[in-house]
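Tertiary structure, described
The chain contents come next:
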Amino acid sequence: MKGILIVLSGFSGAGKGTLMKKLMQTYDNYALSISMTTRAPREGETNGREYFFVSREEFEKTIEENGLIEYACYCGNYYGTPKAYVEEQLSAGKDVILEIEIQGALQVKELFPESLLLFVTPPSAEELERRLVGRGTETPEVIKQRMARACEEAQGMEKYEYIVVNDDLEKCVAELHSIVNAARNIPGRNGAFIDKIKEELKTLKEGAE
Ligand code: ADP
Ligand code: 5GP
């Protein structure tokens, strides 16, 4: 059976990266898509691990070649999801996670209505700022930009199927996993089974007549 396409969004600093790392270490049914970006690598980031870091020209060429499922501009840089890996992993039965922002998330939902949209948030705005500052990877100016962006992104929270509060990390990982498991049972993802049992019931009924 094909895997579930999971879209995970959340304010910068909400803990998405941390959660994904823990989720991947804990369970083996997930594949995490690696995005392409024009933003510069942060200290400790490696090309091909956190992101494929490319130039603007390379990114625009990939768009033209139809190599991305979706893409968006975030705080002055391009970010996009390469198509091939996602298709490959879904066909192999993996649940594929796209850790992307809201414009991209809505593009994915349009293209793949059966995808599962999750939004991760810290318990409060103060805690978000504390985490962004505490991470120590951004200048005060960029932190200000990202907090302003969070304000805009919050306007789109209702468009997601589940809101997941990342307070206790372990609890949040378990909650994410149980949401994905519950999503397997949604009728839209079980069309073949529904058709089969309908057919069987019809055959039995006809046999009894
Ligand atoms: P994002 O990928 O959403 O931008 P990160 O995963 O980089 O966020 O997390 C931002 C900061 O918050 C990091 O310093 C991380 O260690 C910390 N953090 C993540 N989850 C929690 C949590 N549940 N409680 C406290 N701190 C957290
Ligand atoms: P960061 O610079 O903190 O790594 O990421 C900034 C924002 O870009 C985050 O909200 C992250 O989820 C989003 N992002 C990362 N990859 C992609 C992608 O492939 N497509 C889109 N649309 N957003 C992405």
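For the structure itself, look to the data block above.
These lines cover the structure that appears in this document, whether it is placed above or below. (Residues numbered from 1 in each chain as written. Chains lettered and ligands numbered in written order. Predicted model: local features only at pLDDT ≥ 70, side-chain atom pairs only at ≥ 80, totals over all residues. Heavy atoms only, no water.)

**Considerations on the sheet that holds strand S1 (residues 5-10)**
Judged by pairing direction, the sheet is parallel, and its five strands sit side by side in the order S2-S7-S1-S8-S9 without closing on themselves. With one partner strand each, in any of the chains shown, strand S2 (30-32) and strand S9 (162-165) form the two edges of the open sheet. On average, each strand axis in the sheet is tilted by 30° relative to the strand beside it, whichever way the strands run. For S1 and strand S7 (residues 95-99), the ladder comprises four bridges, and the chain directions are parallel. Considered in S7, the bridge of Ile6 is made with Ile97. Against the sheet, helix H3 (residues 83-91) contacts S1, S2 and S7, and its axis sits at roughly 150° relative to S7. Of the strands in this sheet, S1, S2, S7, strand S8 (116-121) and S9 touch helix H7 (residues 169-183), which is tilted by about 160° from S9. (Pairing = 2+ DSSP bridges. Helix = DSSP H or I, 4+ residues; strand = E, 2+ residues; numbered from the N terminus. Axes fitted to C-alpha atoms, helices over the stretch in contact; angles between N-to-C directions. Contact = heavy atoms within 4.5 Å.)

**Concerning the pairing of S8**
Burial runs high along S8: six of the six residues are buried. Residues Leu116, Leu118 and Val120 of S8 are buried on one face, and the alternating residues Leu117, Phe119 and Thr121, pointing to the opposite face, are buried as well. In this sheet, S8 lies alongside S1 in parallel orientation, the contact comprising five bridges. Across the sheet, Leu8 pairs through a bridge with Leu118, a residue of S8. (Buried < 20%, exposed > 50% of the residue type's maximum accessible area, 1.4 Å probe, protein only.)

**Some points on the pattern of salt bridges**
Across all of its chains, the model carries 15 salt bridges by this definition. Glu152 serves as the salt-bridge partner of Arg149, at 4.0 Å between the closest nitrogen and oxygen. Of this pair, Arg149 and Glu152 both sit in helix H6 (residues 140-153), separated by three residues, roughly a single helical turn. Look at Arg149 and you get buried, because its relative accessible area is 14%. Each of the salt bridges in this network shares a partner with another, and the network as a whole consists of Arg39, Arg42, Glu45, Arg135 and Glu138. (Salt bridge = Lys/Arg side-chain N within 4 Å of Asp/Glu carboxyl O.)

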